[in-house]
Amino acid sequence: MAELALVNCPTLLTQSKTYQIDETLYRYLYPTDSIKHTQYIFRPLPNQKKRADLRLNKDKLLRKVYEVPGLYRQHRATVTNGAIQQSLF
């Protein structure tokens, strides 16, 4: 696997990248609306052992979240009889 890069700033999080937290692959969803105690929400990718969303504060984010280079979310769409079905992964 490619070398992991520690996330050093929460503003660099994007929904199109894949992140590794405690040996599980996640995608970033959104930050909470609190200015003082912002939490960052992550969802595990399909076929991972963990199923629940993960909420991290800024301190844990800077210590535990690694960006996995080369694993980007791929959008695919299938057109069938006037309907479009999208696949996110």
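Along each chain, the written sequence defines residue order, and numbers are assigned to residues from 1. In view of the model being predicted, local features appear only for residues whose pLDDT reaches at least 70, and side-chain atom pairs are presented and counted only at 80 or more, with totals across whole chains, interfaces and linings using the full set of residues. The side-chain quantities take in all heavy atoms of the structure and omit both hydrogens and water.

S.K.: Where do I start with the pairing of strand β3 (residues 24-31) in this structure?
M.R.: Look at any regular strand and the pattern is simple: side chains alternate between the two faces of the sheet. Throughout, exposure labels follow a simple rule: accessible area from a 1.4 Å probe, protein chains only, divided by the maximum for the residue type, with under 20% read as buried, over 50% as exposed, and the rest as partly exposed. In this description a helix means any DSSP run of H or I spanning at least four residues, a strand means any run of E spanning at least two, and both kinds are numbered starting from the N terminus. The element β3 is largely enclosed, with a buried count of six among its eight residues. Strand pairing requires that DSSP identify at least two bridges connecting the strands. Hairpin connection of strand β2 (residues 17-21) to β3: two residues between the antiparallel strands, including D22 at a positive phi of 50°.

S.K.: Would you mind showing me how to read the pairing of β2 here?
M.R.: For β2, the buried fraction is high: four of the five residues fall into the buried class. Inspection of the sheet shows β2 paired to β3 by four bridges, in the antiparallel sense. Counterpart to I21 in the pairing with β3 is T24.

S.K.: Looking at this structure, I do not really get unusual backbone geometry. What am I missing?
M.R.: A negative phi holds for most residues other than glycine; trans holds for most peptide bonds. One non-glycine residue, D22, lies in positive phi territory at about 50°. Inspection of the secondary structure assignment puts D22 in the loop between β2 and β3. Classification of D22 as partly exposed rests on a relative accessible area of 47%. The residue E23 is not glycine, and still its phi comes out positive at about 65°. For E23, the position within the fold is in the loop between β2 and β3.

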